[in-house]
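Now for the letters of each chain:
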Number of protein chains: 2
Amino acid sequence: MKLYDGGRAPNPRRVRIFFAEKGLELPELVPVDIGRKEHLTPEFARINPMKRLPVLLLDDGTALAETIAICRYLEGLHPEPSLFGRDPMEQALTEMWNRRVELGLFSSVSAVFRHSHPSMAELEDQVPEWAEASREQIDDYLLILDLQLAGNRFVCGDRLTVADITAGIAIDFMKPSRVPLSEDLVNIRRWHGELSARPSWKA
Amino acid sequence: MKLYDGGRAPNPRRVRIFFAEKGLELPELVPVDIGRKEHLTPEFARINPMKRLPVLLLDDGTALAETIAICRYLEGLHPEPSLFGRDPMEQALTEMWNRRVELGLFSSVSAVFRHSHPSMAELEDQVPEWAEASREQIDDYLLILDLQLAGNRFVCGDRLTVADITAGIAIDFMKPSRVPLSEDLVNIRRWHGELSARPSWKA
């Protein structure tokens, strides 16, 4: 196995943290320099036509793309500790919360970064109006997460799941996206502090 | 069980088709009128704080939101026929393709509809620049899908999966979004014709 990696970009980091939380060693890393547009080359498009990172290249030549697909593959091979849920109900609720924090919070923070950060002007056809509209959504998504964490140690209850990794990375990504995290969100702050202290978070 | 349903909207339809492909009868439907903003009321926000449809209300009171989370719950309870894959490799590839067609094609077509269709002006803070940028992405996503279908009867191979439902609904949604489907995409046209002829597609 080889992992086509994108350094500090959030999706590659989600996969590296997932490996660490599974207690698995990272495979050989193939660095792909997003700043130098290496993911937009014809060579890389043959590996992933969506031109996105990360990609896990399996020994049989299969190129597995999409962060959550890679994580799910690892979960299938190494069920313990479960990060996607242990029965149909846990699996459904983990999927629900992972999607809520990914398609809501994480994708809005990403949109702010991609469509407003000066360093992305070279890589994106930036739509500043979309950055602004996305920024306005973030408070609502943060409030939903904060309320969920008011009654739960982790996003889905008393055990860490893939939804914590997605949500935690979204919170981390607010800093370079220049979106402040309100002091009032005490549950997010407590949970994010605990998450950031885990050894996996250095991945 | 009760299904909070949204009529002709694409996500409720994905779930109804999934029930049909599983050979399961639909539970009691609770119609929620999106045009009359019934999903934006405080009452509905208590069921789903994301204010989106569909929601599957379980007998124990759990409100399960997010289309794919509902489908995954049904897959867990009724594994046959599998629509999410039968082993870790199939599951990973199904997740990859479902995400490619959902986060690429379907979300771009949705963005065109939500941010440019006159009927949505009441429901959305429309960003016309985002509709335009999303429209420009669609051809690339269609080409990736067409190439995949050149060598496969269904999106993930010789069996129908949840990725076909997502992709098929995205193609259907192009019509109200006023995005034309090129005659050149012969593989998509062949596959979509076959899909539309299935009894489930009337759901």
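Please refer to the structure placed before this passage.
Residues numbered from 1 in each chain as written. Chains lettered and ligands numbered in written order. Predicted model: local features only at pLDDT ≥ 70, side-chain atom pairs only at ≥ 80, totals over all residues.

*Asks:* For this particular structure, what's the right way to read the sheet that holds strand β2 (residues 28-31) of chain A?
*Replies:* Hydrogen bonding along the main chain pairs the strands of a sheet, whether they run parallel or antiparallel. All names here are of chain A. The sheet built from 4 strands is open, its strands ordered β2-β1-β3-β4 with mixed pairing. The strands lining the two open edges of the sheet, one partner per strand, are β2 and β4 (63-65). Taking the axes of each pair of neighbouring strands and ignoring which way they run, one obtains an average angle of 25° across the sheet. Where strand β3 (residues 55-57) meets β4, 3 bridges bridge the pair, whose relative direction is antiparallel. The residue bridging L56 from the neighbouring strand is L64, located in β4. (Pairing = 2+ DSSP bridges. Helix = DSSP H or I, 4+ residues; strand = E, 2+ residues; numbered from the N terminus. Axes fitted to C-alpha atoms, helices over the stretch in contact; angles between N-to-C directions.)

*Asks:* What am I meant to see in the interface of chain B and chain A here?
*Replies:* When the parts of a complex come together, some accessible area is lost, and that lost area is often taken as the interface size. Contact with chain B, which involves 25 residues of that partner, is made by 25 residues of chain A. Per-element accounting of the side of chain B that touches chain A gives the leading share, 8 residues, to helix α4 (residues 88-116) of chain B. Residues of the side of chain B that touches chain A, tallied by class, amount to 15 nonpolar, 3 polar and 7 charged. (Contact = placed C-beta atoms within 7 Å. Nonpolar A, V, L, I, M, F, W, Y, C, P; charged D, E, K, R; others polar.)

*Asks:* Hey, could you run me through the sheet that holds strand β3 (residues 55-57) of chain B in this one?
*Replies:* Residues and elements named next belong to chain B. One open sheet accounts for 4 strands, arranged β2-β1-β3-β4; its pairing is mixed. For this open sheet the edge positions go to β2 (28-31) and β4 (63-65), each flanked by a neighbour on one side alone. Each adjacent strand pair in this sheet contributes to an overall mean axis angle of 25°, direction not counted. In the sheet, strand β1 (residues 2-5) pairs with β3 via 3 bridges, with the strands oriented antiparallel.

*Asks:* Would you mind showing me how to read the relation of the copies chain B and chain A here?
*Replies:* There are two copies of the chain, and a rotation about an axis plus a shift along that axis relates them. Screw-axis analysis of chain B against chain A gives a translation of 0.0 Å along the axis, an RMSD of 0.0 Å, and a rotation angle of 180°. Such a combination of turn and shift is consistent with a two-fold rotation axis. For chain B, the minimum C-alpha distance to the rotation axis belongs to W130(B) and amounts to 3.0 Å. (Least-squares fit on C-alpha atoms with pLDDT ≥ 70 in both.)

*Asks:* Explanation requested: the nonpolar core in the structure shown.
*Replies:* Taken as a class, soluble globular proteins show a tendency for nonpolar side chains to be buried jointly. Core analysis: the biggest nonpolar cluster contains 104 residues, and L64(A), V101(A), L105(A), L64(B), V101(B) and L105(B) have the highest contact counts within it. The residues contacting L64(B), other than those within four sequence positions of it, are A92(A), M96(A), V55(B), L56(B), L58(B), A69(B), I70(B) and Y73(B). (Core = buried A, V, L, I, M, F, W, Y, C linked by C-beta atoms within 7 Å. Buried ≥ 20, exposed ≤ 12 C-beta atoms within 10 Å, placed from the backbone.)

*Asks:* Would you mind showing me how to read helix α1 (residues 10-21) of chain B here?
*Replies:* Count 3.6 residues to each turn of an α-helix, and residues three or four apart come out pointing the same way. Residues and elements named next belong to chain B. Here α1 contains 12 residues, and its C-alpha end-to-end distance of 16 Å stays within 8% of the 16 Å for a straight helix at 1.5 Å per residue. Burial in α1 covers these residues: P12, R13, R14, V15, I17, F18 and E21. G23 occupies a position one or two residues after α1 and carries a positive phi of about 75°. (Expected span 1.5 Å × (residues − 1).)

*Asks:* What's the story with the packing of helix α5 (residues 128-150) of chain B against helix α7 (residues 186-196) of chain B in this structure? I'm lost.
*Replies:* To describe two helices that pack against each other, one gives the angle between their axes and the distance between the axes. All names here are of chain B. Between α5 and α7, the least distance of the axes is 7 Å, while the angle of their chain directions is 70°. In terms of orientation, α5 lies roughly perpendicular with respect to α7. Here α5 contributes L142, L145, D146, L149 and A150 to the contact with α7, which in turn contributes N187, I188 and W191. Its residues assigned to classes, the contact of α5 with α7 comprises 6 nonpolar, 1 polar and 1 charged. (Parallel < 35°, antiparallel > 145°, perpendicular 65-115°, else oblique.)

*Asks:* Sorry, what's going on with the pairing of β2(A) here?
*Replies:* One face of the sheet, then the other: side chains in a regular strand alternate in exactly this way. All names here are of chain A. Looking at chain direction, strand β1 (residues 2-5) and β2 are connected through 4 bridges and run parallel. Residue pairing for β2: K2 is matched across the bridge by E28. Taking the sense of rotation as the criterion, the β-α-β connection linking β1, helix α1 (residues 10-21) and β2 turns out right-handed. (Right-handed = clockwise from strand over helix to strand, strands pointing away.)

*Asks:* Help me out: how do you make sense of the environment of E132(B) in this one?
*Replies:* Residues and elements named next belong to chain B. By the secondary structure assignment, E132 is in helix α5. Owing to 14 C-beta atoms within 10 Å, E132 belongs among the partly exposed residues under this scheme. Note: C-alpha distance between E132 and V112 (20 residues apart in sequence) is 7.0 Å.

*Asks:* How should I be thinking about α5(B) in this particular structure?
*Replies:* Look at α5(B): 34 Å from first C-alpha to last across 23 residues, which is about the 33 Å you get at 1.5 Å a residue. At Q137(B), α5(B) shows its maximal bend, which comes to roughly 25°. Within the sequence span of α5(B), burial applies to W130(B), A131(B), A133(B), S134(B), I138(B), Y141(B), L142(B), L145(B), Q148(B) and L149(B). Buried residues along α5(B) sit in contact with α5 (128-150) of chain A together with α4, α6 (162-174) and α7 of chain B. (Bend = angle between axes of the 7 residues up to and from the residue.)

*Asks:* It is not clear to me how the environment of T166(B) should be interpreted in this structure. Could you clarify?
*Replies:* Residues and elements named next belong to chain B. Of note, T166 is situated in helix α6. Residue T166 is classed as buried on the basis of its 27 C-beta neighbours within 10 Å. Considered as a pair, T166 and G151 are 15 residues apart in the sequence and their alpha carbons are 19 Å apart. The contacts of T166, once residues within four sequence positions are left out, are R14, N98, V101, E102 and F106.

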